[in-house]
Every structure is written in structure tokens, then in C-alpha cells.
Amino acid sequence: MRTIFALAALLITLTVPSWADFTFAGDAASCTKHDTYADFKLSNAAFQVHVIKPDIIRFRFNAGGKFSEAPSYAVRENKAAPVQFSLSEKPEYYELATGTLTVRITKKPCRVAIHTAGGTLLCEDEKSFGMAFDGGEVRCFKRLFPDERFFGLGEKTGTLDRRGSQYTMWNSDFPSYTKKQDPLYSSIPFFIAERDHQAYGIFMDNTYKSYFNMGASNNRLYWFGAEKGDLDYYFIWGPSMKKVISSYTELTGRMELPPLWALGYQQSRWSYFPEEKVREVARSFRKHKIPCDVIYLDIDYMDGYRVFTWDKTRFPDPAGMIADLGRDGFKIVTIIDPGVKADSNYFAAQEGLARDLFAKYPDGVPFQGQVWPSWAYFPDFTKKETRAWWGEKLSALMAQGIAGFWNDMNEPALWGGNFIDIVRFDDNGHGADHRKAHNVYGLEMAHATFDALNKYSDKRPFILTRAGFSGTQRYAAMWTGDNVASEDHLKLACFMPLSMGISGLPFVGSDVGGFDGCPSPSLYIRWMQLGAFTPFFRGHSCTGMPDKEPWALGETARDLTRDIITLRYRLLPFLYSEFSRASKTGIPLMRPMFLNFQHDDECYKPEAQEQFMVGDSFLVAPVLSEHETAKKLYLPAGKWLDWWKGTICEGKQWITSDAPLHRVPLYLREGAVVPLGEPMQFTGEKVSRELEFKVFPGGESSWELYEDDGVTRRYKDGIFSTTAIKINGKGTLTISRPVSAYKSPVAFYAFTLCGMKKPRSVSCGAAVLSPADSPQGLKAAKEGYFYDTEGAALTVRIATSRVGAASLAIQVK
Ligand code: GLC
């Protein structure tokens, strides 16, 4: 009998995987309070709890007892004064309290639980596991609540709810990726957890390959961890998701306000050459009256893919071409790949070797990998000197008139996979191997480019990057890489930018029309109708594919594309103001419904993620199918104005909206104020003298228009203006200008108030306005009002010179 038991026990030990391979944190033996943190001695590790803000706590855990001294790539230096907190000891636990959060750290074993100051449990370590390590690998196991949802993690496929899946953070190049592909080009180890409509965020600041298991294949726990490095994570309390995103971007930085032209339509393909082809594309845009601001040059502009060079046969006079195109309103953005051709006669290779700027094997031999130029060296962007040198090289292209740079292949991607792990990087003087540097390679390449654009130009930088890490939003816009012309990818082109937006990256978009493959005209039109409302709006195509410019897919596609791009341009005053807000708050302008309506469960449904909002009040319900002509969409509580028909719908219901091929359903929420400028062929074409505001009055609401010169960095010195527009349900619209250091060229405002009864009188300040009998009559009269009985809309037109230091009220009676 005994033998049977012994055998059974042996069998169990052999077949049941032993979790003892992981070493857990152990017990908390002591704790010392410092100015900004508490230091715990655990039986198996060192552990610190830092108070960043009353609602942001950083947890650092290191098995070897020695924390990394290298500065974070993602988190900016914290210059704030220390935050007051208390630390108390009870027989069973320590308690750290900030006034907003209370962190309880049990002693035996050491486990973390975070509560609100009022005692509500927000997040806690899984009781049996908590923090653990296995060799270099670190992990944190958290309790999974039955009703918890997760969002974020940046550029991930699928719908936005991350629960039930595991994700990897390892920047990877997967051309024509599948709808479930993971990982992709960038790594954003930040997610938002939501339960009972209350949200917190966790950002794990670790650049090694990492994993996020959000309750995949289990109902007990979720965990995150990395192959190496400190377990270093920030708990960020909301309870609103907007607050979480705002705090996360306070830590990792925010997008700078881009130049206005970068909000225009951008055209790319692999590749436009020779020069005459580029000129022809530009002419076609103007001929077809399709607005466009940017043309991209893909890899074939270079001499044998040697970065910083031109193919002299294809482009004999780059500066001349760029200047000519500039006169016609086009900016040129060139692709810049990191690989420097290993060619002993090539200046960039010579300089990089002579100055020791490339990544190296541990024996000092510069690493070579194969990409477009064949064997290439790879600049070590984690080294200050390399970043400065790269900037010098870029400055030569800038001197020729290049307006911005498109960083590609910066995962870094190599034919056949990755760098050899042992390859060394500078890591800002601390030294690291490829395993640590991989995920931040793209971030630091964008960093180098951003510094160069700021150093060598007085204009605002524009950078597009494929790879990135948390913090990339400080430097660059990002697109979702090599997608496919298919319905699956049309959907991804909606979901992925939404996910990236709530992960701190607001300036995002997809290759409109699909990179790989050939879209049908209707797929192309639907994609354009989506792209027109994504922050970054660029059409692109793989080499070898048929043309995908707006006029290449037939007349219907051309005409409907023209319509939607024209609307995008008319909406630029609105979008630019929303960009400005996103740059100040970190909250993305393109938002999932649940970000604006956190308490409405309908907004979390996967179907509701096939629509989104731009700012607080503008709803876009793109048709994400090539054949459908109706769109099922959800309107949250309140009243909604159909943008096209002017009809008013009651919210808190799913509706089906007509969506013939020429129309993308758009709705304004009660209280919305949306300015429209004049139609233009490119952003600097003319000075908009009139702004038309579409207003849907209801209750009290306000919106702020932001204006500046759109190109320089003078806005940072206060040279901008803001115009606040407040409406109340009682027929008063108030205009005030809190900041007016920038003199706007706009001479007239025309407010169209939708859903209004015919007024008895309309006044502006002390002046009584006169009625006009047609919209043309109103324009001719310069000021006054016009009532459209059929559309139930009242347009009030006034000279902007009336808006002085005091606020100006328009009264409708
Ligand atoms: C990569 C990029 C793609 C580009 C191509 C050639 O695949 O993702 O956008 O066109 O390289 O440079």
C-alpha cells in the first residue's frame, strides 16, 4: 500500500508542473519611510513603493536587491515636489496612505492591495502568488474580478476589450498581418482596467519582451511580467478613464501640436519615382480638385537604399522639385530606414564606424543585418552621440526642403528576424543588450529625428513612425503598418487607432485603402470615409499593386473621395482645436464611445466599437463593410442631430441609419459646437475669412476654438488665441476670447443653430440683428440672421470684430 502511495506521489510530482520554479516575494521583514517612497526588505527581493501623486503609485520589485539605475525611456523626470503620505504598521500589515489611495502591504506573505481612501478595494495581488521571479523573469499576479474589463495595450488587433487574451510586447514586422496577429510593430505596456464603471490603469515600465495575460484561459487571475529587468509598474487611479489616460500621459509625455498641414490628406505609395511621377501625382490632385497636403517618397528615392542620399537619375534636383511642389501646396516627406548600408565607400557607414555610433557585438565588431540595402549597420539610437549625428545627417535633407520624416523598419526589422540578442547598445551610458534595447529602438530613432527637426528648423516637426514604445507620442505620429485591402482590415483600421488613442498615442491612422492587395471601389470609399475622421489620414500602397490614388478606382470612388476629403478640410478648425486639446490633456481626439460614456454598458459592446467620437460631441459611425448601405449604431442618452438630414434622434437606443455609399453616418450630441472653414485644396491655400459653426443647442455646454499660425513653434510662447463658445438652452450663445495673442484672419462667424423655432428677435450685444431672406442675402448683408423653416435652423452671422475683451452674447428670442 505504502509503495502505491509513494508511486502515486512520485507520479504527481513528475506530471504536475511545479510552480516552485517561480520564487515569490516572500515576507516583508521591515520597512523604512523616505521622502517619496517606502523601502521594504522582503525575504526574497527588494521592494519599493513610491508615491508619485496622491493617485499614482509606483511599485518596484527586484529579486537581486539592486534596482536598475538607467533612466526610463518612457517616464519623464519627475520634478514635482514630494507628495505627503503616511506609513503605519499593524501586526499583520503596513499601510501607506496618500489621502486618495490606501495601499496595504501584508507581511506574511508580502502582497499588495490598493483601496480608495474610503476603503473600496480597487486592485490586489492574487493571494497565493503576488510578485514572483524565475531566474531573470519577473511577474506580477493580480486577482481577476468576474466583471472586470481591460482596454489599451496600444497597437493590438481585435476589438478593444482585452479580457481573455494574452499579449506579447516585442516590436515585430509582420507584413499583411492577420486579424489576430500579435505582437505587431509597437509596444505600449499600459492598460486600463474597468469594473463597476470605475477605472484604474497599470503601466509596466520595462522594455524587455513582456507579456500581459488578461485572464486568458483562466478565471482567477491576470498577470503581467517581463523576461528580465525590474518589475516596475505604476498604478494610476481614475476613477474616470480620461483621468487615467491623462495621468499616464503626464508620466510618459504628450503629443506636441503638429503642423496644420499634417492634419491634411497625405498620399503615399511604394514608390513614386522618378521626379516627373511625383509632379504628375501632385498635378492630378489639383486637376481632380481633391485636397492634399503631403506626398511621400518611399525607399526608391535613395541611391541603392543608402539613407540620406538621392538617386540622381530619378531625382536630379530634389531641392528644385520640392520648391516647385511647395508652391503648389505640397510638402514632401521621405522615408528614413535605420539600416546604414555596409559599404566602405559610403559616407554614413564611414562616419558611423569612425565615430563608434553603431550597435556592436560584445567583442566590439559592429553588428550587420540585412534589410533593403542588403548588409547594413544599425545606429545605436540609445547613444546620445548617435542621435546627434543622425540629426546632422537629416539636416542636409531638411536643407533641401524635406518637411518631415517617415521612420520605418525601426522595430528594428531584419530579413529573417531579429538582431542577435547579445548585440550591445549604449543604453544612455549604462550598457545593455538587444533584449533591453529592442522595444525602444523605434522610440529613440523618433527621438533623434524629433531633436533634429527642432534643432535645424523653426517649424514644428512632423514624424511618422512604425515602431514605438510608451512615450513615442512625444515625438511622432504612428500608423498601423502593412495592412491588407480587406473588410477585416477595414475594421482593424477603426479598432487599432482607437486602442492606440486610449494608450496615449493620439496621432494615429492606417494605410487607407490597404497596403497589400487591391480594394474594390466601395471598400476604398468606405475606408476613405473612416480615414477622414482618424487623426492621421494617409493613403498608401505596396509596390506591385495597382494604383490607389483617389482617381484610380473609377469616377464614383474619385467623386466620393473628393467629397469626404473636402469635408475633412472644412472640419480642420474643429480637428485642429481637438488636436490642441489632446496635446494638453493626453486624451485622444478619436475616442471609443465608452471613453465619453463610461457609465453606459452599451458603449462597451463590440458593435459599439465600430463607431467612435471625435472630441466630446461628434459621433462617427463608419460603414466597415464594402456592401452594406445601412449602419446599426448606438446613440447614448440625450438628443442627437443627424449631420446630413438635420433630424433629431432620441438617444439611449440602437438605431439603423441610412448609409448609401456616398454617406458616412455622423451625429452631433446635444450641446455640440463644430466649426467649419472654407473648402481648400491644401491647408495654406487661402486665408479662411469665415467660420461656420454648426451648433446643436441643448442644456448648458461650451466648446473652445484654438487658433495659431499652424506652422511655427511660436504658440509655445503664447502666440495663439482661444475663443470660448458657450450655449445655454435658453437661446443665449456667448463668445469670449480668453487668449488673443494670435490675430486670427477670420472676419465673420456664422452660427447655425439647429433644431430651433422661428425667432421673434435676434440680438448681438446691444445690437438688434436684422433678418435676411436667404443665405446669400445674409452673406451680402454681412451681419444679421436667416431662418430656414424647412431645416428648422437659424443662422446668425456677425463680424468677429465685435468680440472684444468682454464676452459677447447672442440672444435668440
Ligand atoms: C515597409 C513599410 C511600408 C513601406 C515599405 C517599403 O513594408 O511598412 O509602408 O512602403 O516598407 O519601404
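Note: the structure precedes this text.
Note that the coordinates shown come from a computational prediction; the quantities given were computed from them, not determined experimentally. (Residues numbered from 1 in each chain as written. Predicted model: local features only at pLDDT ≥ 70, side-chain atom pairs only at ≥ 80, totals over all residues. Heavy atoms only, no water.)

Undergrad: Quick question: what am I supposed to make of the nonpolar core here?
TA: General note: in soluble globular proteins, nonpolar side chains tend to be found buried as a group. Counting 206 residues, the largest nonpolar core has W390, F533 and F618 as its most contacted members. Ranked by the residues each element gives to this core, the list is headed by helix α9 (residues 487–502), at nine residues. Formed by 48 residues, the second largest nonpolar core is a distinct cluster that contains F47, F61, V112 and M169. (Core = buried A, V, L, I, M, F, W, Y, C linked by side-chain atoms within 4.5 Å. Buried < 20%, exposed > 50% of the residue type's maximum accessible area, 1.4 Å probe, protein only. Helix = DSSP H or I, 4+ residues; strand = E, 2+ residues; numbered from the N terminus.)

Undergrad: Mind showing me how you'd approach the sheet that holds strand β30 (residues 463–465) here?
TA: Strands belonging to one sheet form pairs held by backbone hydrogen bonds; the direction of such a pair is parallel or antiparallel. Spatially, nine strands are ordered β33-β32-β30-β27-β23-β22-β21-β35-β34 in an open sheet, and the strand pairing comes out parallel. Bordering the open sheet on either side are β33 (508–509) and β34 (511–512), each of which pairs with just one other strand. As paired elements, strand β22 (residues 294–297) and strand β23 (residues 331–336) share four bridges and run parallel to each other. Within β23, the residue paired with Y296 across the bridge is V333. (Pairing = 2+ DSSP bridges.)

Undergrad: Help me understand the side chain of Q473 in this model?
TA: By secondary structure assignment, the location of Q473 is in the loop between β31 (468–469) and β32 (477–479). Reaching out from Q473, the side chain makes a polar contact with the backbone oxygen of G253 at a distance of 2.8 Å. The residues contacting Q473, other than those within four sequence positions of it, are T249, T252, G253, R254, M255, E256, G504, L505 and P506. (Polar contact = N/O pair within 3.5 Å; in protein donor to acceptor, adjacent residues only side chain to side chain. Contact = heavy atoms within 4.5 Å.)

Undergrad: How do you make sense of the sheet that holds strand β46 (residues 701–707) when you look at a structure like this?
TA: With respect to topology, six strands assemble into an open sheet ordered β46-β47-β48-β54-β50-β51, the strand pairing being antiparallel. The strands lining the two open edges of the sheet, one partner per strand, are β46 and β51 (767–768). In this sheet, β51 lies alongside strand β50 (residues 762–764) in antiparallel orientation, the contact comprising two bridges. Directly across from C764, in β51, lies its bridge partner A767.

Undergrad: Even after reading the chapter, I still don't get helix α4 (residues 318–327), so can you show me in this structure?
TA: Owing to its 3.6 residues per turn, the α-helix brings residues three or four apart onto one side. Looking at α4, one finds that the buried residues are P318, G320, M321, I322 and L325. Where the residues of α4 are buried, they touch α3 (275–287), β22 and β23. Downstream of α4 by one or two residues, G329 has phi in the positive range, about 85°.

Undergrad: Teacher, can you tell me more about the site of the ligand here?
TA: For the ligand, the full set of nearby residues is W270, D298, I299, I335, W372, W406, D408, R466, W479, D482, F515 and H540. Residue D408 places a side-chain N or O atom 3.0 Å away from an oxygen atom belonging to the ligand. D482 is positioned such that a nitrogen or oxygen atom in its side chain is 2.5 Å from an oxygen atom of the ligand. In the complex, the protein chains occlude 97% of the 310 Å² of accessible area that the ligand would expose alone. Residue composition of the shell around the ligand, by class: seven nonpolar, one polar and four charged. (Near = heavy atom within 4 Å. Areas by Shrake-Rupley, 256 points an atom, 1.4 Å probe, with all protein chains shown as cover. Nonpolar A, V, L, I, M, F, W, Y, C, P; charged D, E, K, R; others polar.)

Undergrad: Any chance you could explain the pairing of strand β49 (residues 748–754) here in plain terms?
TA: Walk down a regular strand and you will see the side chains alternate between the two sheet faces. Most of β49 is tucked away, with seven of its seven residues classed as buried. Where strand β45 (residues 690–695) lies against β49, six bridges are found, and the strand directions are parallel. Opposite E692, over in β49, you have A750 as the bridge partner. Pairing geometry for β49 and strand β53 (residues 793–799), over seven bridges, is antiparallel. Each bridged residue has a counterpart across the sheet, and for C754 the counterpart in β53 is A793.

Undergrad: Could you clarify how one ought to interpret unusual backbone geometry in this entry?
TA: For residues besides glycine, phi is generally negative; the peptide bonds are generally trans as well. Cis rather than trans, the peptide bond between D182 and P183 has omega equal to -5°. Turning to its location among the elements, P183 is positioned in the loop between β14 (166–169) and β15 (186–187). Cis geometry is found at the peptide bond from E411 to P412, where omega equals -5°. Structurally, P412 is set in the loop between β27 (404–407) and β28 (424–425). A positive phi angle, close to 75°, is found at F308, a residue other than glycine. Here F308 shows up in the loop between β22 and α4.

Undergrad: I keep staring at helix α12 (residues 572–585) and nothing clicks. Help me out?
TA: An ideal rise of 1.5 Å per residue puts 20 Å on 14 residues; α12 measures up with 19 Å between its terminal C-alpha atoms. Among all positions in α12, only L572, P573, F574, L575, Y576, S577, E578, F579, S580, A582 and S583 are buried. G586 sits one or two positions beyond α12 and adopts a positive phi of about 85°. (Expected span 1.5 Å × (residues − 1).)

Undergrad: Help me out: how do you make sense of the packing of helix α11 (residues 555–570) against α12 in this one?
TA: A pair of packed helices is characterised by two quantities: the angle between their axes and the separation of those axes. Their axes nearest at 5 Å, the elements α11 and α12 cross at an angle of 55°. Comparing their axes, α12 and α11 come out oblique. The residues of α12 that touch α11, namely those facing R568, Y569 and R570, are L572, P573 and L575. The residue makeup of the contact of α11 with α12, split by class, is four nonpolar, no polar and two charged. (Axes fitted to C-alpha atoms, helices over the stretch in contact; angles between N-to-C directions. Parallel < 35°, antiparallel > 145°, perpendicular 65-115°, else oblique.)

Undergrad: Explanation requested: the packing of α3 against α4 in the structure shown.
TA: Here α3 crosses α4 at 5°, and the two axes come no closer than 11 Å. Between α3 and α4, the interaxial angle falls into the category roughly parallel. Contacts from E275, V278, R279 and A282 in α3 reach G320, M321, D324 and L325 in α4. Per-class residue counts for the contact of α3 with α4 are four nonpolar, one polar and three charged.

Undergrad: Before we go on, may I ask you to explain the state of the cysteines in this structure?
TA: Between two cysteines, a covalent bond joining their sulfur atoms is known as a disulfide. Applying the stated criterion to the full structure yields zero disulfides. In this structure C31 is a free cysteine whose sulfur lies 9.9 Å from that of C110, the closest cysteine sulfur available. Among the residues examined, C31 registers a relative accessible area of 21% and is labelled partly exposed. Counting only cysteine sulfurs, C754 is the nearest neighbor of C649, a cysteine outside any disulfide, at a range of 13 Å. Classification of C649 by relative accessible area gives buried; the value is 16%. (Disulfide = S-S within 2.5 Å.)

Undergrad: For this particular structure, what's the right way to read the pattern of salt bridges?
TA: Where side chains of opposite charge bring their charged atoms close, a pairing between them can arise. By the definition in use, this model includes 54 salt bridges. We note a salt bridge from R355 to E392, for which the minimum N-O separation is 3.5 Å. With R355 in the loop between α5 (347–354) and β25 (368–371) and E392 in helix α6 (residues 384–399), this residue pair connects regions lying 37 residues apart in the sequence. Look at R355 and you get partly exposed, because its relative accessible area is 41%. (Salt bridge = Lys/Arg side-chain N within 4 Å of Asp/Glu carboxyl O.)

Undergrad: Help me understand the packing of aromatic side chains in this model?
TA: Each aromatic ring pair is specified by the distance between its two centres and by the angle formed by the two planes. Scanning the model with the defined rule gives 69 aromatic pairs in all. What links up through ring pairs into an aromatic cluster is the set F308, F358, Y361, F367, Y377, F378, F381, W389, W390, F419, F425 and Y441. Over the ring of Y604 we find R149, and its NZ or CZ is 3.8 Å from the ring centre. If you follow R538 out to its NZ or CZ, it ends over the ring of W406, 4.5 Å from the centre. (Phe/Tyr/Trp six-rings, centres within 6.5 Å; stacked < 30°, edge-to-face > 60°. Lys NZ or Arg CZ within 6 Å of the ring centre and 35° of its normal.)

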